[in-house]
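Residue-level structure breakdown
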Amino acid sequence: MNINKNYLNLEQSYLFSTVAKKVVDYCAKNPDKKIIRMGIGDVTLPLCKTVVQAMHKAVDEMGIQETFRGYGPEQGYEFLQNAIKRYYKKRNVELAISEIFISDGAKSDLGNILDLFSTDNVVLVPDPVYPVYVDTNIMAGRKVLFANANSNNGFLPMPDEISQKVDIIYICSPNNPTGAVYNKEQLDAWVKYAQKSNSIILFDAAYESFISDEKLPRSIFEIDGAKDCAIEFCSLSKTAGFTGTRCGYTIVPNELENLNKFWLRRQTTKFNGVPYIIQRGAESVFSEEGQKEIRENIEYYKENAKIISKTLDRCKIWYTGGKHSPYIWLKCPENRTSWEFFDYLLEKIQVVGTPGSGFGKNGEGYFRLTSFNSRENTVEAMQRFESLFGTK
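Described below are features of the structure shown in this document. The numbering scheme is per chain: residues are counted from 1 as the chain's sequence reads. It should be noted that, the model being predicted, local features are given only for residues of pLDDT at least 70 and side-chain atom pairs only at 80 or more, the latter also being counted only at that level, while totals for whole chains, interfaces and linings use all residues. As a rule here, side-chain values cover all heavy atoms of the structure and leave hydrogens and water aside.

Quick notes on the environment of Thr378
Basically, it comes down to this: Where helices and strands are cited, they refer to DSSP runs of H or I of at least four residues and of E of at least two residues respectively, numbered from the N terminus. By the convention used here, residues are in contact when the closest approach between their heavy atoms is within 4.5 Å. Polar contact criterion, stated in full: a pair of N or O atoms within 3.5 Å, where within protein one must be able to donate a hydrogen and the other to accept it, and residues adjacent in sequence count only if both atoms are side-chain atoms.
As for its placement among the helices and strands, Thr378 is situated in helix α12 (residues 375-389). Taking the C-alpha atoms as reference points, Thr378 and Ser235, 143 residues apart in sequence, are found 25 Å from one another. Excluding its chain neighbours within four sequence positions, the residues that come into contact with Thr378 are Asn304, Ile307, Ile308 and Asn373. A distance of 3.5 Å separates polar atoms of two side chains, one belonging to Thr378 and the other to Asn304.

Here it is, written out as structure tokens:
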């Protein structure tokens, strides 16, 4: 038996596993301390009422012979595909049902889509970056290059900075971890580059619902020509609180004929689809009432982000993000490294964030905080934070 030795090239542990272990160890030694977790981007508000009602109705249907559902279509039920199609139509993006594939989340699809590409493709990911982009390609043995995202370019690298040919390009906007958002002109430059170089863009739109400026694109397909060179991934995890419910979708344009056919073939071979009950809940997210309710939840998290941002302003700490994103990306005070700052916050004020170095070389010296928490915890965490770094 031979194993896939590419796994030996991975970091020894996943970033968030290391964070979790450190917190568990600290809690064991300090059981009387209240930990406030602002690290992993998990939602804290419950599913909205419209979603819960839709799921309850679907559960009842599953208990009646006439409405019971067994295996569903691997690419998703048409009722959900049509709901997503109407959602994109509101932003003047025309989609066909055959282009919409329902999944159990963007993370899975971002890894699984690589089945469609040979291992000799060269991959470009921004640095810092969501670790899954890098790790899934290392597992497959691909060459990974990094686009230099930094404070000078607003953590939004552009194609004119690329020095060699690349085949697969990852773009996440709004970005995880930095919260930076590309405008239309910037995305247009990436689309033109991909067309010219015969590259494919894998566009992660998991946080699109946090964009409040109508001038900023929420989909790569708002850019002319993107259907010739891009695949889009989106998730209801952060949009509608589906982190524990699992539902997302991937758009593979018909213009990418082979990739669309290959993805359908891949999904029908390796995936049995998202449960009917979950898809009914997801459908309700796109209803008028569902959109109203999830918008209230998103605004709650965005208000938390404002509380964090204002605290950093008072403490005169540099940061980006938080406006169109649930993440605030700050520069570690007093020239601490990312992990030094993590340990310092945990030890001094029992606040947990995510070390920027876990997102790549350019993340060293930075730190990510998330607004996914209760208002009470967010306020308390920032009071603790200001007690350390506020003006004396």
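The structure having been displayed, the exposition proceeds.
A short note on the sheet that holds strand β6 (residues 200-204)
Rule in force here: Pairing between two strands is assigned when DSSP locates at least 2 bridges connecting them. Axis angles are defined between N-to-C directions and span 0 to 180 degrees, where every axis is a line fitted to C-alpha atoms and, for a helix, only to the segment in contact.
Taking strand neighbours across the sheet as the criterion, the 7 strands line up as β2-β8-β7-β6-β5-β3-β4 in an open arrangement whose pairing is mixed. Looking at which strands have only one partner, the edges of the open sheet turn out to be β2 (100-103) and β4 (143-148). Mean inter-strand twist for the sheet, computed between neighbouring axes without regard to direction, equals 20 degrees. Sheet topology note: the strand β3 (residues 122-127)/strand β5 (residues 168-172) ladder contains 2 bridges and is parallel. If you follow Val123 over to β5, its bridge partner there is Ile168. Where helix α3 (residues 78-89) meets the sheet, it contacts β2, β7 (230-235) and β8 (248-251), and its direction lies at approximately 120 degrees from that of β2. Running over the sheet, helix α8 (residues 257-270) touches β2, β6, β7 and β8 and is turned about 30 degrees from β2.

Digging into the pattern of salt bridges
Here is the rule we go by: The term salt bridge refers to a pairing of a side-chain nitrogen on Lys or Arg with a carboxyl oxygen on Asp or Glu at a separation within 4 Å. Only protein chains enter the area calculation, which uses a 1.4 Å probe; residues under 20% of their type maximum are buried, those over 50% are exposed, and those in between are partly exposed.
Counted according to the given criterion, the structure contains 18 salt bridges. Notably, a salt bridge pairs Lys34 with Glu380, separated by 2.8 Å at the nearest N-O pair. Of this pair, Lys34 sits in the loop between α1 (15-29) and β1 (36-37) while Glu380 sits in helix α12, and the two are 346 residues apart along the sequence. Given a relative accessible area of 37%, Lys34 falls into the partly exposed group. Among the charged side chains, a network of salt bridges with common partners joins Lys34, Glu380 and Arg384.

Here we look at the pairing of β8
Residues Gly248 and Thr250 line one face of β8 and the alternating positions Tyr249 and Ile251 line the opposite face, and both faces are buried. When β2 meets β8, the two strands line up antiparallel, connected through 4 bridges. By the bridge assignment, Ser103 is partnered in β8 with Gly248. By the bridge criterion, 4 bridges tie β7 to β8 in an arrangement that is antiparallel. Each bridged residue has a counterpart across the sheet, and for Cys234 the counterpart in β8 is Tyr249.

Description of unusual backbone geometry
Residue Asp127 is joined to Pro128 through a cis peptide bond whose omega torsion reads 10 degrees. Checked against the element boundaries, Pro128 lands in the loop between β3 and α5 (131-140). Even without being a glycine, Glu334 presents a positive backbone phi close to 60 degrees. The topology assignment puts Glu334 in the loop between β10 (327-331) and α11 (338-349). Overall, Glu334 belongs to the exposed group, its relative accessible area being 56%.

As for the nonpolar core
The nonpolar side chains of soluble globular proteins are, as a tendency, buried together. The line we're drawing: Residues belong to a common nonpolar core when they are buried Ala, Val, Leu, Ile, Met, Phe, Trp, Tyr or Cys residues joined through side-chain atoms within 4.5 Å.
Judged by nonpolar contacts, the single largest core of 91 residues is most densely connected at Trp190, Phe242, Tyr249 and Phe385. The element best represented in this core is α3, accounting for 6 residues. Every residue in contact with Trp190, bar those within four places of it in the chain, is listed here: Leu124, Pro157, Met158, Pro159, Ile162, Ile169, Ile171, Tyr182 and Ile201. Tyr130, Tyr170, Ile200 and Leu256 belong to the second-largest nonpolar core, a separate cluster that totals 26 residues.

Some thoughts on the state of the cysteines
Heads up, the condition is: Pairs of cysteine sulfur atoms within 2.5 Å are what we label disulfides.
Counted by the stated rule, this structure contains 0 disulfides. Its sulfur unpaired, Cys48 is 13 Å from the next cysteine sulfur, which belongs to Cys247.

As for the environment of Ile278
Along the chain, the position of Ile278 falls in helix α9 (residues 276-285). Owing to a relative accessible area of 14%, Ile278 belongs among the buried residues under this scheme. Sequence-wise, Ile278 and Glu340 are 62 residues apart; in three dimensions their C-alpha atoms are separated by 41 Å. Discounting residues that sit within four places of it in the chain, Ile278 has contacts with Met55, Phe242, Thr245, Arg246 and Cys247.

Section: the sheet that holds strand β12 (residues 354-355)
Strand order in this open sheet of 4 strands is β9-β10-β13-β12, and the pairing throughout is antiparallel. Where the open sheet ends on each side, the last strands, each with one partner, are β9 (319-321) and β12. Bridge count between β10 and strand β13 (residues 366-370): 5 bridges; the pairing is antiparallel. The residue bridging Tyr327 from the neighbouring strand is Thr370, located in β13.

A short note on the packing of aromatic side chains
Quick reminder of the rule: Here is the rule: rings of Phe, Tyr and Trp (six-membered ring for Trp) pair when centre to centre is within 6.5 Å. Planes less than 30 degrees apart are stacked, more than 60 are edge-to-face, and the remainder are tilted. Comment: the charge-over-ring label is applied if NZ (Lys) or CZ (Arg) is within 6 Å of the ring centre and within 35 degrees of the ring normal.
Under the defined criterion, the tally for this structure stands at 27 aromatic pairs. A ring pair is formed by Tyr77 and Phe79, whose centres lie 5.2 Å apart and whose planes are at 15 degrees; its orientation type is stacked. Of the two residues, Tyr77 and Phe79, both sit in the buried class. Aromatic ring contacts, followed pair by pair, group Tyr207, Phe210, Tyr300, Tyr301, Tyr327 and Phe372 into a single cluster. In this structure, Arg280 is placed above the aromatic ring of Phe79, and the distance from its NZ or CZ to the ring centre is 3.6 Å. The ring centre of Tyr300 lies 4.3 Å from the NZ or CZ of Arg375, which sits over that ring.

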